[in-house]
Structures are given as structure tokens and as C-alpha cells.
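Structural characterization, general
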Amino acid sequence: MSDLHDLCRFSTRPIDESYITQLHHYLKSGIPATYTVEEAANYINGIEETPSTTTTPLHLICMNVPLGCTDEELEIVEKMIEILLEYGAGWCFTDVNNETPGCILIRRGLKHVGKLYSQIVDAGVRAELLLRKVSDYDVEFIDPEDVEAQQNETVESEVVVESKDSEIDDAPDAPSQNQQSYLNTKLEYVDDALVTKDRKDGVMMAWESDLMKLGCDSLFKGAILDGDTKEMDSEIVVLNIGFGMGIIDTMIQHQHPTKHYICEAHPDVLKKLKDDGWYEKPNVVILEGRWQDNLDELLSQGVFFNGIYYDTFSEHYQDMLELFDFVVGLLKPHGVFSFFNGLGADREVIYEVYKQLVEIDLKTYGLDVKFTEVEVPESTLKSNDKSVWDDVKRSYWSCPVYYHPEARFIDI
Ligand SMILES: C[S@@+](CC[C@H](N)C(=O)[O-])C[C@H]1O[C@@H](n2cnc3c(N)ncnc32)[C@H](O)[C@@H]1O
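Residues numbered from 1 in each chain as written. Predicted model: local features only at pLDDT ≥ 70, side-chain atom pairs only at ≥ 80, totals over all residues. Heavy atoms only, no water.

**Remarks on the overall build of the protein chain**
A count of helical and extended segments in the protein chain gives 15 helices and 12 strands. Taking all 412 residues of the protein chain together, 52% fall into the buried category. Partitioning the intrachain contacts of the protein chain with sequence separation of at least 6 by distance along the chain shows that 71% fall at a separation of at least 24. Taken as a whole, the protein chain presents about 19,100 Å² of accessible surface, with 50% of it coming from carbon and sulfur. (Helix = DSSP H or I, 4+ residues; strand = E, 2+ residues; numbered from the N terminus. Buried < 20%, exposed > 50% of the residue type's maximum accessible area, 1.4 Å probe, protein only. Contact = heavy atoms within 4.5 Å. Areas by Shrake-Rupley, 256 points an atom, 1.4 Å probe, with all protein chains shown as cover.)

Following this line, the structure appears as C-alpha cells:
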């Protein structure tokens, strides 16, 4: 334990300006804001190997900020967090309990106390935007510690950006991480889920039905031409990307759209579409293959949609950004774009970061996204005795609230 770590434990009260002075002193004297308790312990004990967990000063602050601190003390703690972040403290390092600083605040019931939590979420958004710029411009780092810090952050953030999955133990070529290996993997429809046959990764699960209902309703809101008179479009055309269990597509069919496009890439799912008679439905058009290989054609045909829904598997946030290019070209002026919002959803704080990021990204495409907060079934939380993940190897959800997105062009 170093002096910096001691300071972040708040062993003396009140927490006053002297904390700020000391923090500045340690950081200016060269102690990195990311200096971990594990590194300090190794240093003291003469151990050379790099520790696998990273308990940073930010973790200590979140762990030790007193529950009953005064407003003045809280302001000092917020200032300390601000300073540490300015000095490069990472927002998504994980400690020995696999918790980030934000996770600790949530566990301690401090999510809504002062600005502590939002400071960390904001830092997450900034870090993700910065990392993107760094990768875009291939920036070179001069200080090796900077490289290490960025790499550490990237480890987590790469995991986060998937549309449906994120657990750290997966190899980059695992079906959940790599689209080609997913498409080569056998799938299996079981009772309440679609899973990969060998690993039992959940591709789609019935507990999401209520969320699909929200998605379906959003698509048809894009058919309303005038909010006051409720005048409807004479032709209602919708596109769903990712059939899975066909939950949202069945709901869409019940609304009798003029045309219903379904884009699906996996051969086993396409077989299910055939077996279940989807090819014979008069208003259904099946686009076989990945959306990346199909949507160009729709653009050149001049097809426009009242609603577009996106819910795939084994895709990354970067894929979604590429999809936005098509969305703006394919959506009617009153149209609605929605998607299964599982971005970073296996960790609440990351889920919040991606909620803000996707809002920023959609805005650059002229789309304004509104989120509706929905409580998800308790059975989706792994802490429960009986959970929806019992027979599934990997879970992709661990947040109490779902943020249902509905995006429209900004001036509509
Ligand atoms: C989570 S499921 C969709 C579930 C669906 N929303 C429902 O209500 O049942 C994801 C589906 O997307 C498909 N998929 C994955 N990547 C795709 C891509 N690039 N283009 C089209 N479909 C894709 C998968 O094969 C899978 O059937």
C-alpha cells in the first residue's frame, strides 16, 4: 500500500482541501493515477511479475467514500475523482472482485449520490471516443506506460462493443466474437432459446419477448405520418435484421405490414424460416445472407422503410456504426430505427457508457434517439436461484433496466 492508496481510503475525517493538496502532490511527483494496490504490494515484496488484477486509486475511493459524508466532503471526493481522471485514471480497470470503480459505486448504493457515478460514466464515454480517434489516426505513443494503459482499457472496451455478447473469457475466434465462426457453427432451437449447439451460447432467448414487443411497436410508430391526426402511411414497409427465434417477426406479421423484409445470415436459421413457411407468406421478402451483403441492393432498388429493427449476433459496435450509413439511406423521413440494446449489457456501468455513445453516434447521422427505461425480468439476473442462464453457457445480460431505443431523424 502506498501513500497515494492510503489517502484514497479516507482514514482521517473530515475529508477536506488537504486531500486535494496531497493528491496533487503525489500525482505531480510522478505516481501514476493508475498505480494499483497490487503493483505496490509486489514492489514491497520484491515480486516482479505483472499482477492480473488492477485495484486503482479510483477503486479505493469508490470503496471507501463514507456513506454518510457531508456535502462538503462529497465535493472534495468528486474533485479527487476529477483530478485522477485528468491524470489518466482508467474508468474500466477491474479489481480482484472483477469490479470496475463504477460497479463498486452501484454495489454500495452510491449510483445517485452526487456526481461520483456520472463522472465515471462520462470518463468512459470520453475514453471510448478518444480510443476511436487514436485507432483512426494510428497515433503512436511515446511513453510505454501510456501504451500499457491504453491497452488495458482496450481489453475491456473491445469486449463491450458487441451488440449481443460480452464475456472476457472468449477467444477472438469464438462464435460469439467472430461472425465467420458463428456462421460456421451449428445452432439448435431448444425450449425457450436459440443456442449454439456445442458451447450453448445463448443467441436468442424467450425472456426478450417483451423487449421485442417494444421493438415491434416502435417500427409501426414510423408509419404515423402526422402525430396529431394519426394519419398513417398508405404503404407500411418494415425491415428486421436477424430472425433468430422469429419473435419480433411474428409480432410484425400480426400488424399486417404491406411489406415485411427479413434479413438473415445463418443457414440453420434460414432452414427454420423455410420449415416454418416464412418464404410462402405473401408480404414477406427474405434477404438471405448478411445485411452487409444485402442492404446495398435495397438502396439501389429505392426501397424505403417505415421501420428498421436490428438484432444480430456476434457483431461489434463497429458493425453497428457501419449499419447507420444504410439506416439513414433506407429510412423514410418519418421512419423509426430501433435495435436490441444489449451494448455492454453484461456490466451496468458499461451499459450506461454505451447508451451515451450510441446517442452521440446517432446524432452525427442526424438521428435523435430516445430511450424508454424498462425493468427486465428478475430471472435474467445471475444472482437469482433460478435464472434464464441455467442451461446456457454464456450470459449476455446483467442489468436491472433495459434502455429501449427509438431513433428518428432530428427535425421530425
Ligand atoms: C438475437 S437473434 C435475433 C432474434 C430476433 N430479434 C427475434 O425476435 O427472435 C440474432 C439473429 O441475427 C442473425 N445474424 C447475425 N449476424 C447477422 C448479419 N450480419 N446479417 C443478418 N443476420 C445476422 C443470427 O443468425 C440470428 O438469427
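Anyway, onward from the coordinates.
**Overview of the site of the ligand**
The local shell around the ligand holds 26 residues, among which Q179, Y182, I248, E264 and D311 are the closest. Taking G244, its main chain carries an N or O atom lying 3.0 Å from an oxygen atom of the ligand. At a separation of 3.2 Å, an oxygen atom of the ligand approaches a polar backbone atom of I247. Coverage of the ligand by the protein amounts to 100% of the 610 Å² it exposes when considered alone. Under a 2 Å grid-point criterion requiring more than half of the atoms, the pocket assigned to the ligand is the largest cavity. Sorting the residues of the shell around the ligand by element identifies α9 (179–183), β3 (202–205), α11 (247–254) and β7 (259–264) as the ones contributing at least two each. Across the shell around the ligand, the residue classes tally to 13 nonpolar, eight polar and five charged. (Near = heavy atom within 4 Å. Polar contact = N/O pair within 3.5 Å; in protein donor to acceptor, adjacent residues only side chain to side chain. 1 Å grid on protein atoms, 1.4 Å probe; cavity = no way out; pocket = protein on both sides within 12 Å on 5 of 7 lines; lining within 4 Å. Sits in = over half its atoms within 2 Å of the grid points. Nonpolar A, V, L, I, M, F, W, Y, C, P; charged D, E, K, R; others polar.)

**Notes on the nonpolar core**
In terms of nonpolar packing, the biggest core is built from 118 residues, with F337 and W397 touching the most fellow members. Domain assignment of the residues forming this core places at least three in each of domain 1 (3–160) and domain 2 (187–409). (Core = buried A, V, L, I, M, F, W, Y, C linked by side-chain atoms within 4.5 Å. Domains from an automatic or database assignment.)

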